[in-house]
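What the coordinates show
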Amino acid sequence: MSAITAILVATLLGQAYYSPEEAQLLFQQANESFLKQDYASARDGYEKLLSRGFGGPDIHYNLGTTYLSEGDLGRAVLAFERSRRAGGEGPDLEANLSMARARQLDKVVGAAPEESFHERVVTATSGNLVAWLFLGTWLGGFAFLFLFRVLRPGSRIWAVVVAGLLLTASLPSGALLAAHVWVHETRHDAVVIAPTLRAREFPKEEAKVSFEVHPGLKVRVMEETGRYVRIRLPNGLEGWAEREGVAEI
Amino acid sequence: MRRTGSGHAALAALALVLVAMPAWASIEFYQTADRTEVGTEDIFQLTVVVVDPPDTAQVQFPAPQDFEVLSSSQSTQRSIEMSGGGPPVIQTVRKHVLMMRANRPGTLTIPPAVLTAGGRTWRTEPVKMTVRRGHVEPPRSQAGRQPPPDPFRNFPAPFGGRQDPFADEEEEAPDRRQDDVRIPRGDSDLFLRATVDKKQVYVGEQVTLSLYIYSRVDLSSVDAVTMPKLEGFWSEDVESPTQLSGEQRIVNGIPYRTYLLRRRALFPVKSGTLSVTAAEADITTGFLFAGHRVHRVSNALDVEVKPLPPGGPRGMPSAHVGEWALSLEVSQTQVELGQPVTVKVVLEGAGNVKNVTPPRLEAPAALKVYDPTTSDKVVPNKWRIQGSRVQEYLVMPQRTGTVTLPALEFPYFDPKTGRYEVARTEPVELTVEPGAGGVASAPVPASPTHVADAASEQKNVLTANGLRPLRYQARFEEPAAAVWQRPFFVPALLSPLGLMLALGVVGLVRGRISNPDETSRNRQRAKAARKRLAEAEKLREGSSSAFYGEVEKAVLNFLEARLHAPVGGLTHAALDAKLAEAGVDANRRMRVRFVLESCDAGRFAPGAEAAARESILDDAAAVMEGWDK
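The structure displayed is predicted, hence computed values, not measured ones.

Once that is clear, we can look at the overall build of chain A. Check the secondary structure of chain A and you find nine helices and seven strands. Counting across all 249 residues of chain A, residues that qualify as buried make up 32%. Looking at chain A alone, contacts between residues at least 24 apart form 57% of all its contacts between residues at least 6 apart.

A few words now on the overall build of chain B. Looking only at helices and strands, one finds 10 helices and 31 strands in chain B. A sequence separation of at least 24 residues applies to 73% of the contacts in chain B between residues at least 6 apart.

The residue Gln37 of chain A is not glycine, and still its phi comes out positive at about 60 degrees. Turning to its location among the elements, Gln37 of chain A is positioned in the loop between helix H2 (20-35) and helix H3 (39-51). Phi at Asp52 of chain B is positive, roughly 55 degrees, even though this residue is not glycine. Inspection of the secondary structure assignment puts Asp52 of chain B in the loop between strand E3 (44-51) and strand E4 (58-60).

Facing the 19 residues of chain B at the interface are 32 residues of chain A. Along the lines of polarity and charge, the residues of the side of chain B that touches chain A split into 14 nonpolar, no polar and five charged.

Residues and elements named next belong to chain A. End to end, helix H6 (residues 91-102) covers 16 Å across 12 residues, agreeing with the expected 16 Å (1.5 Å per residue, within 8%). Taken residue by residue, H6 has Leu93, Asn96, Leu97 and Ala100 as its buried positions. Angularly, the buried residues of H6 cover 100 degrees about the axis, an arc narrow enough to put them on a single face. With respect to the buried face of H6, the exposed residues turned more than 90 degrees away are Pro91, Ser98 and Ala102. Where H6 is buried, its residues touch helix H4 (57-70) and helix H5 (73-85).

Moving on, we come to the pairing of strand E6 (residues 238-242) of chain A. Residues and elements named next belong to chain A. Where strand E5 (residues 228-232) and E6 come together, five bridges link them in antiparallel fashion. Bridge pairing in E6 places Tyr228 opposite Glu242. Connecting the antiparallel pair E5 and E6 is a turn made up of five residues, with Gly236 showing a positive phi of about 95 degrees.

This paragraph deals with the nonpolar core. Judged by nonpolar contacts, the single largest core of 73 residues is most densely connected at Leu211, Ile213, Val303, Val343, Val395 and Phe410 of chain B. Core analysis: the next-biggest nonpolar cluster, separate from the first, contains 41 residues, Ala23, Ala42, Ile59 and Leu97 of chain A among them.

The next subject is the environment of Leu176 of chain A. All names here are of chain A. As for its placement among the helices and strands, Leu176 is situated in helix H9 (residues 157-186). Leu176 gets classed as buried once you count the C-beta atoms within 10 Å, which come to 20. In this structure, the C-alpha to C-alpha distance between Leu176 and Val122, residues 54 residues apart in sequence, is 7.5 Å. Not counting residues within four places of it along the chain, the set of residues in contact with Leu176 comprises Val121, Thr125 and Val130.

This part takes up the packing of helix H7 (residues 117-124) of chain A against H9 of chain A. All names here are of chain A. Remark: H7 packs on H9, axes separated minimally by 9 Å, with the N-to-C direction vectors making an angle of 95 degrees. Comparing their axes, H9 and H7 come out roughly perpendicular. Facing H7, whose interface residues are His118, Glu119, Val121 and Val122, H9 presents Leu176, Ala179, His180 and Val183.

Residues and elements named next belong to chain B. Across the sheet, which stays open at both edges, the three strands sit in the order E12-E21-E18 with mixed pairing between neighbours. With one partner strand each, in any of the chains shown, strand E12 (200-202) and strand E18 (272-276) form the two edges of the open sheet. Within the sheet, the average angular offset between the axes of one strand and its neighbour, ignoring direction, is 35 degrees. Inspection of the sheet shows E12 paired to strand E21 (residues 301-306) by three bridges, in the parallel sense. Within E21, the position partnered with Val201 by the bridge is Val305.

Another aspect to go through is the environment of Leu133 of chain A. Residue and element names in this part refer to chain A. Among the secondary structure elements, Leu133 is positioned in helix H8 (residues 127-150). For Leu133, a count of 19 C-beta atoms within 10 Å gives the class partly exposed. In the structure, Leu133 is positioned 41 residues away from Gly174 in sequence and 8.6 Å away in space, judged by C-alpha atoms.

All right, on to the sheet that holds E3 of chain B then. Residues and elements named next belong to chain B. Within the open sheet, the four strands sit side by side as E1-E3-E6-E5. Their pairing is antiparallel. The two strands at the open ends of the sheet, each matched to only one other strand, are strand E1 (28-33) and strand E5 (67-81). Sheet twist, expressed as the mean angle between neighbouring strand axes with direction ignored, is 15 degrees. Inspection of the sheet shows E1 paired to E3 by six bridges, in the antiparallel sense. Considered in E3, the bridge of Glu28 is made with Val51.

Next up on the list: the packing of helix H7 (residues 544-563) of chain B against helix H9 (residues 586-604) of chain B. Residues and elements named next belong to chain B. Their axes nearest at 8 Å, the elements H7 and H9 cross at an angle of 155 degrees. Compared by their axis directions, H7 and H9 come out roughly antiparallel. The way H7 lies across H9 gives a crossing that is left-handed. The residues of H9 that touch H7, namely those facing Ser544, Ser545, Tyr548, Gly549, Val551, Glu552 and Val555, are Val592, Val595, Leu596, Cys599, Gly602 and Arg603. Class assignment of the residues belonging to the contact of H7 with H9 gives a composition of seven nonpolar, four polar and two charged.

A separate point is H9 of chain B. All names here are of chain B. Taking 1.5 Å per residue as the helical rise, H9 with its 19 residues ought to reach 27 Å, and the 27 Å between its terminal C-alpha atoms agrees with that figure. Turning to H9, its buried residues are Val592, Val595, Leu596, Ser598, Cys599 and Gly602. Buried residues in H9, looked at end-on, bunch into an arc of 155 degrees, giving them a common side. Exposed side chains of H9 directed beyond 90 degrees from the buried face belong to Ala586, Asn587, Met590, Glu597 and Phe604.

Let's shift gears to the confidence of the model for chain B. Residues and elements named next belong to chain B. Across chain B, the average pLDDT comes to 78, with 81% of residues at 70 or higher. For residues 437-446, every residue scores under 50 in pLDDT, and the model assigns this stretch 21 contacts once sequence neighbours within four places are set aside. Here the predicted complex carries an ipTM of 0.72, next to a pTM of 0.41.

Criteria and cut-off values
- Residues numbered from 1 in each chain as written.
- Chains lettered and ligands numbered in written order.
- Predicted model: local features only at pLDDT ≥ 70, side-chain atom pairs only at ≥ 80, totals over all residues.
- Helix = DSSP H or I, 4+ residues; strand = E, 2+ residues; numbered from the N terminus.
- Buried ≥ 20, exposed ≤ 12 C-beta atoms within 10 Å, placed from the backbone.
- Contact = placed C-beta atoms within 7 Å.
- Nonpolar A, V, L, I, M, F, W, Y, C, P; charged D, E, K, R; others polar.
- Expected span 1.5 Å × (residues − 1).
- Arc of directions from axis to C-beta.
- Pairing = 2+ DSSP bridges.
- Core = buried A, V, L, I, M, F, W, Y, C linked by C-beta atoms within 7 Å.
- Axes fitted to C-alpha atoms, helices over the stretch in contact; angles between N-to-C directions.
- Parallel < 35°, antiparallel > 145°, perpendicular 65-115°, else oblique.
- Left-handed = near helix turned anticlockwise from the far one by under 90°.
- pLDDT = per-residue confidence, 0-100.

The following block contains the structure:
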C-alpha cells in the first residue's frame, strides 16, 4: 500500500498540471509525510502545489509549519507571513508565527521611526475593503444620478440627494484607495532567509558591514540596485544586503 | 643444687682491673661530615667522635663563621669486649652530632674540634666542604648508603614514635618527598610551611594544601592566620583545627613539633602554572608573661595544571572531573493525576561536589517540572573531597497516560584513568491515572510553594505550548491580486463616466433631430407637399373635387413652407402679392395663379377631362420645382 502511495505521489510530483482532485490528494500526502516527520517530503508536496498554482493561506500555513519543524526559521516566517497576507489569519497561524519569532536570533532594539500618516492609515485598513467601498459608492452615486434623470420631475429629488451622498462618500474612500495603491507599489516587506545576512553601508562587496541579521527577521525592502537591496529594520536601521538573502512576502 | 663459686669475689676483681687501667691510654678523637658537597639550602651532619674520653674531657666544637649550627646532640656508647683469658676491654664512644648549614658558597673549611682533658689537648682534622648555591642532590653513593647514625635512635618515645605526620599522605602521594620541607634561614626554630600533595594535576582535579607550623619552641597560641590567595582555584575547607595539636617530625635530622593550621582542597579551574601565595600567621611563643609574639610567612607554591585532554564532550564544565556515579530516584512510578512526584537526580563520587552540575531533568510536555532544590553532602575521606549532590524536582503530571522520564547522562573526566567516562541512568516510566486524589493526599513531601502551585493546577491540563497542528482542509486559490488590480475594476470604475458620455451624445443627436433649422423645415414641408401631390395623382380617376382639392392643398402647403407663413385664407391676388413680396418671379407667380384657378374651376365645374387633370398635375409639379436654385 505504501509503495503504491509512493508511486502515486511520485507521479503526482512529476506532473506539470494537477486537477483539483490530484491537488487534494497531494495535499493529504504531504500532511501524512509531516505526521511521519518526513519534513522534506512534506515540504516538496506543498511547494509543488504552490508552483502549480494551487496556493492559498492553508498551503502557506502548512508549509511554514513544516519549515518550523525543520528549524528553518527564515522560510517558516516567510510562509506564515504569506499565509497571513493571503487571508489565512487564525489562532494557529498566530501561535506558530509567534513561536518562530521567539526562536529568532535577532532582537531589534529601539523604537521604530514614525511612519507617515498615509502608511499608518494603510496599515490600519484593508485594501480590498477600501477598493470595494470606493467602487460601490462610486457606482451607486452614478446609478442614482441616472435614476434621477429617469424619474418624473417632482418625485425624484431624493435620488439626487442619495447620489450626492454616495459620491461624497466615494471621495475619501477613493483617496484611501489611492494611498493603498501607492503603498502597494512602493513598499515591499520581506523576510531574511540567509543564515547570516550582512548589511553594508554601500551596495558594494568591499563596503563596511554595518550589521548582520539572521533568518526570520522581517525587513522592508526600500530600493534595489544590482544584486543589492536596501533593507530597513523595524527600528529604522538600514543597510545594503544581497538580494538572495531576503525573500519578499 | 651445689654452688660453683662466689659472684661477689668476681665483681671485686673486675673493679680492681678497671681502676688499674690508664685513663687516656687509647683516646681517639675525630670528626666526619656526611657529605663533602652541599648547597647553601642543604643541611648536613657533622659527627665528632671521642673514643674512651676521660671523665673530665671537654669538647669544644668548631664554631666557624661560614656555617650555621642548627642543632647539636650527644650520645654515648659503652661496650665491653671479653677476650680469652685476658681482662675484659671496656670501650666508651661519645658522639656529638651537629646539624649544620653553610652560610655562603665556596670551598669552606670546618675547623678542627678540640678535646681537653688532664692538661692535654687533642684536635681533629679540619673538614673541607664544597658549598654551592641552592640545593645540591647528594651523590648516589651517599644517597644510597645508610644514613648517619641517629643520635636519638635510642631515645624513648615520643622521638621513637611516629616521626612524619605525612606518612599516610605519602602513601597517597608517592611523588611527595621529605625534602619538600626546607628549614628557612634565620627562623629555623619556628616557621610556617605550606605543602601540596601534588605538583601536577589536571584542571578540576583535587590538590590538597596543608599549612603547618614547625616549631622547636613552646607555642602558646596562634593569633591570626592569613590564608594564601588562591587565584585560579575553587577551594573547599577540609580541616581547620580549633586547638593546636602537635606531632613530632624529623626534618633533615632535626626534631620539630608540627602543628596543622589549615587544610584545604583546591580544584584548579584553569590550566597553566597556578600560584599559591604565601600564608601568614601571628604566633605567640612561651608561657604566660614570658611569651612573645612573632609573625611568620610561609613559602609560596606553584602547581602545574594540565588542561583536560582532547576528545571530551563539548561544553563540559571543568568541574566535571573525578569519579562520579549518577542515579535517578522517583518517589513513585504510578501516580494519580494531580499528585506530585518527587524525582531526585543524585550525583555522588569524589571531586568538586559543590561545583558539579548534575544533568537537568528533561521531562516531556505532559509533565510540569518545577525548579529543583539542590542539597550537597560533603564527606572528606583521607583529605579527598567526596560526597553527593542531589537535585530534587517536583514533577506534576499534566495529562493521564504513560510518560517516560528520559535517561540522563553525566560525562566526566577521570584523572586516575586519564579517560572520559559517562555516568548514566535508565529511563523511568511514569503511569499517570485519572483519579480524585488531590494534592493534599500527596504521599511525598513538597515545599509549600510547590504545593500551592500544584493545588491551583487544573487536571489534565493541555498546555498551549508547542507547535499548532497542520490544516487538514485546504482551500486552493490562485495567488490573489488586490481588488484594484483585477481586470474588472478599472472598467467598472469608468463605466458611469462612459455611460454619461454616451447619453450626452445621444441627447445631442436627439436635440438636433427635434429642433431642425428653417431651411430643412421648409425642405421637409416642400417634401411633404410633393408627397401630397403624389397622393393627389392617385385620385386622377376619382371625383374632381377630391382630386383638385388635394392638388390645391399640396400647392398651398408648399407655398406655406416656402413663404414661412400661412397662405390658406388668402385670395389669389393677396397670394400673388405675398409671392411677389417674397421675391418670386412673375412667371412662377403666374403659374401658381393658374394652378389655383384651375383647381377652383375643376372643383366647381366637374366633368373635366382626364387630360386636363394630367395637365394640372404637371403644372403643380412645375410650380414646386426650381425654388432652391
